[in-house]
Amino acid sequence: MRETPEELKELQALLDASLSRSTSHLRSIISSERTLTAEQLTGVLTGMCTLALSTVTAKGEPRISGVDGHFLHGKWHFGTARNAAKARHLAARPAVSAAHMRGEELGVFTHGTVEILNPQDGEPAADWPDLLAYFKDFYGDDAFDWDKDVVYYRLHPHWTAVYASDVAKLTAASHP
């Protein structure tokens with residue numbers, strides 16, 4: 001877990017607020033017994049988690065693709081090729097939805113906007129050196145030309161909901 005106490009507090013506030021303003025239908029599925037706390041969530045979302053990421057074209061049409069998601073400091077981080085269609089979509093329209101699902105046992109659903117962490121023609125995010133070290137450690141230092149080939153994003157959520165079918169089993173598996 002890489003989250004600070006303040007990041008956990010912010011994530012918990014987001015989870016609580018998101019669920020409280022959700023529809024009654026969603027609240028009938030994601031009850032207090034079928035969700036995770038911020039601390040539990042950060043213990044479960046370790047390493048790389050495949051995300052289904054939804055962007056929008058210039059014509060307003062939705063597009064979905066898969067990305068490697070890393071849940072760091074209470075937020076999703078992901079990358080793609082600088083010349084990918086999703087990179088063009090995100091540059092023009094930074095609103096996204098993302099879902100991470102593990103069968104019927106876990107679903108993490110997020111809506112928000114992205115921040116470019118390593119813009120090609122601009123200053124990187126203040127924490128980019130630390131994030132880059134994490135990504136290089138995970139993928140390998142020579143996996144990409146990290147300056148030219150890939151662009152990384154942080155998803156700033158305005159809504160996140162978590163479904164867990166069996167909280168005890170899921171959290172026990174993350175803390176053997």
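Position labels on residues start from 1 in each chain and follow its written sequence. Given that the model is predicted, a residue must reach a pLDDT of at least 70 before its local features are reported, and side-chain atom pairs must reach 80 or more before they are shown or counted; all residues, however, enter totals for whole chains, interfaces and linings. Processing note: side-chain calculations cover all non-hydrogen atoms of the structure and skip hydrogens and water entirely.

**Some words on the sheet that holds strand E5 (residues 106-116)**
Defined as follows: Strand pairing is assigned whenever DSSP identifies at least 2 bridges connecting the two strands. To qualify as a helix, a DSSP run of H or I must reach at least 4 residues; to qualify as a strand, a run of E must reach at least 2; elements of each kind are numbered from the N terminus. Angles here are taken between N-to-C directions and fall from 0 to 180 degrees, while the axes themselves are lines fitted to C-alpha atoms, restricted in helices to the stretch in contact. By definition in these notes, contact holds between two residues if any of their heavy atoms fall within 4.5 Å.
Here we have six strands rolled up into a closed barrel, ordered E1-E2-E3-E6-E5-E4, and antiparallel in their pairing. Between one strand axis and the next, the sheet turns by 40° as a mean value, whatever way the strands run. In this structure, strand E1 (residues 48-56) lies alongside strand E2 (residues 62-72), joined through nine bridges in antiparallel fashion. Note that in E2 the partner of Thr50 across the bridge is Asp68. This element, helix H5 (residues 128-139), spans E1, E2, strand E3 (75-81) and strand E6 (150-164) of the sheet and lies at about 95° to E2.

**Focus: the side chain of Thr160**
Our working definition: Each residue is placed in one exposure class: buried if its accessible area under a 1.4 Å probe, protein chains only, is under 20% of its type's maximum, exposed if it is over 50%, and partly exposed if it falls in between.
Tracing the backbone shows Thr160 in strand E6. Taking the relative accessible area as the measure of exposure, Thr160 reaches 4% and is therefore buried. When sequence neighbours within four positions are dropped, the list of residues in contact with Thr160 reads Leu14, Leu15, Ser18, Val108, Phe109 and Thr110.

**Quick word on the side chain of Ser22**
Note the cut-off: Polar contact is defined as a pair of N or O atoms within 3.5 Å, subject to the rule that within protein one atom must be able to donate a hydrogen and the other to accept it, and that residues adjacent in sequence are counted only when both atoms are side-chain atoms.
Tracing the backbone through its elements, the reader meets Ser22 in the loop between helix H1 (5-20) and helix H2 (24-29). Overall, Ser22 belongs to the buried group, its relative accessible area being 9%. Side-chain polar atoms of Ser22 contact the side chain of Trp159, separated by 3.4 Å. Setting aside chain neighbours within four positions, we find Ser22 in contact with Arg27 and Trp159.

**Concerning empty space enclosed by the protein**
Worth spelling out the cut-off: Cavities and pockets were defined on a 1 Å grid built over protein atoms only: a cavity is a set of grid points that admits a 1.4 Å probe from which the probe cannot escape, a pocket is an open set flanked by protein on both sides within 12 Å along at least five of seven lines, and lining residues are those with an atom within 4 Å of any such point. Grid points are joined across faces, edges and corners, and a volume is the space filled by probe spheres set on the points. Each residue gets one of three labels, nonpolar for Ala, Val, Leu, Ile, Met, Phe, Trp, Tyr, Cys and Pro, charged for Asp, Glu, Lys and Arg, and polar for the others, Gly among them.
For the structure shown, the criterion picks out one cavity of 30 Å³ or more. Put simply, the largest cavity is a space of about 60 Å³. Considering the residues around the largest cavity, the lining is formed by Leu11, Leu14, Leu41, Phe71, Gly74, Lys75, Trp76, Val108, Thr110, Leu155, Pro157 and Thr160. Among the elements of the structure, H1, E3, E5 and E6 are those that each provide at least two residues to the lining of the largest cavity. Here the lining of the largest cavity takes three residues from E6, the largest share from any one element. Tallied by class, the residues present in the lining of the largest cavity amount to eight nonpolar, three polar and one charged.

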